[in-house]
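# What the coordinates show
The lines below spell out each chain.
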Amino acid sequence: MNKIKGIIFDMDNTILRSRIDFASMKNDTFQFLVSHGILQPNIILNNHTTATIIEKAINTNLMTEQLIQKMWEIPTRYETEGMLDADLEPGVIELLEQLRSEYCMVIVTNNAIEAAETALTNNKIMHYFDCVVGRGLMGSLKPSPDGFHYILRKYDHIPAEEWISVGDSWIDGKASREANINFISYQGDIEKMNRMGVFPFAEIMDIRGLVRFL
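The sections below set out a description of the structure shown in this document. A quick note: this is a predicted structure, and the numbers were derived from the prediction, not measured.

Scoring rules and cut-offs
- Residues numbered from 1 in each chain as written.
- Predicted model: local features only at pLDDT ≥ 70, side-chain atom pairs only at ≥ 80, totals over all residues.
- Heavy atoms only, no water.
- 1 Å grid on protein atoms, 1.4 Å probe; cavity = no way out; pocket = protein on both sides within 12 Å on 5 of 7 lines; lining within 4 Å.
- Points joined across faces, edges and corners; volume = space filled by probe spheres on them.
- Helix = DSSP H or I, 4+ residues; strand = E, 2+ residues; numbered from the N terminus.
- Nonpolar A, V, L, I, M, F, W, Y, C, P; charged D, E, K, R; others polar.
- Buried < 20%, exposed > 50% of the residue type's maximum accessible area, 1.4 Å probe, protein only.
- Pairing = 2+ DSSP bridges.
- Right-handed = clockwise from strand over helix to strand, strands pointing away.

## A look at empty space enclosed by the protein
- Enumeration over the complete set of coordinates arrives at one cavity of 30 Å³ or more.
- The space that makes up the largest cavity amounts to roughly 40 Å³.
- The set of elements that each furnish at least two residues to the lining of the largest cavity consists of β1 (6-9) and β6 (163-167).
- Here the lining of the largest cavity is built from residues that sort into six nonpolar, one polar and three charged.

## A few points about the pairing of β6
- Taken across its five residues, β6 has five buried, putting it largely inside the fold.
- One ladder, built from four bridges, connects β1 with β6; its direction is parallel. Within β6, the residue paired with Gly6 across the bridge is Trp163.
- In this structure, β6 lies alongside strand β7 (residues 182-186), joined through four bridges in parallel fashion. In the strand pairing of β7, Ile164 is matched with Asn182.

## What about the layout of surface pockets?
- For the largest pocket, the calculated volume is near 640 Å³.
- Along the walls of the largest pocket sit 30 residues, with Phe22, Thr49, Thr50, Ser169 and Ile171 positioned nearest its centre.
- Taken together, the elements giving at least two residues each to the lining of the largest pocket come down to α1 (22-35), α2 (50-58), α3 (65-83), α7 (170-178) and α8 (190-195).
- Take the lining of the largest pocket: its biggest share by element is four residues, from α1.
- A per-class count over the lining of the largest pocket returns 11 nonpolar, nine polar and 10 charged.

## Observations regarding the environment of Ser165
- Checked against the element boundaries, Ser165 lands in strand β6.
- Judged by relative accessible area, Ser165 falls into the buried class, the value being 1%.
- Placed 155 residues apart in sequence, Ser165 and Asp10 show a C-alpha to C-alpha distance of 7.8 Å.

## Structural notes on the pairing of β7
- Of all five residues that make up β7, four are buried, and the element is covered over most of its length.
- Considered for its hand, the β-α-β crossover made up of β6, α7 and β7 is right-handed.
- Of the strand pairs in this sheet, β7 and strand β8 (residues 202-204) are connected by three bridges, and their pairing is parallel. Across the sheet, residue Ile184 finds its bridge partner in β8, namely Ala202.

In structure tokens form, the structure reads like this:
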């Protein structure tokens with residue numbers, strides 16, 4: 001394995017212990033799209049995240065700009081509420097302190113960048129990260145690799161094989177794999193990841209365990 005020079009972190013339930021109600025956010029977004037005739041009601045939601053539901057809706061080419069804007073208001077509301085008083089995952093500060101001088105550290109999140117930066121700032125860890133990529137900087141959300149490709153372009157002196165990514169969800173793993181970056185699962189549902197075609201390079205239950213793979 002190449003010497004690692006950069007680390008891409010997911011944010012929710014990887015760096016921050018998110019209070020976002022992801023199930024309700026997905027369901028409300030889906031019901032909005034069904035009510036406007038954009039999606040059919042028989043879609044199996046268990047195979048989707050809010051991001052993949054939104055991508056599916058946009059790909060129908062049935063949505064006006066006004067409707068797209070109204071749709072985005074739903075996850076934005078949940079994110080804003082869920083980021084209030086969000087705590088850090090155990091061991092995060094210890095890990096970041098240990099790594100800060102040796103690695104390029106970035107966050108790629110499907111959240112709005114404003115909500116992400118506010119939460120990181122409130123937890124006094126924003127300064128550890130060289131870059132935060134939120135959905136405004138991506139053409140498509142994870143599981144698309146767009147956010148990872150943005151990082152690879154921005155730090156083009158670090159090739160994909162010298163990055164590693166860590167996250168809790170299959171969408172993190174799929175985005176990472178499609179960008180040719182090794183993925184480490186943090187407290188992830190490995191069975192679901194495998195079912196979605198994601199096979200992590202490694203699994204950790206404590207975020208501080210990441211150092212074993214650097």
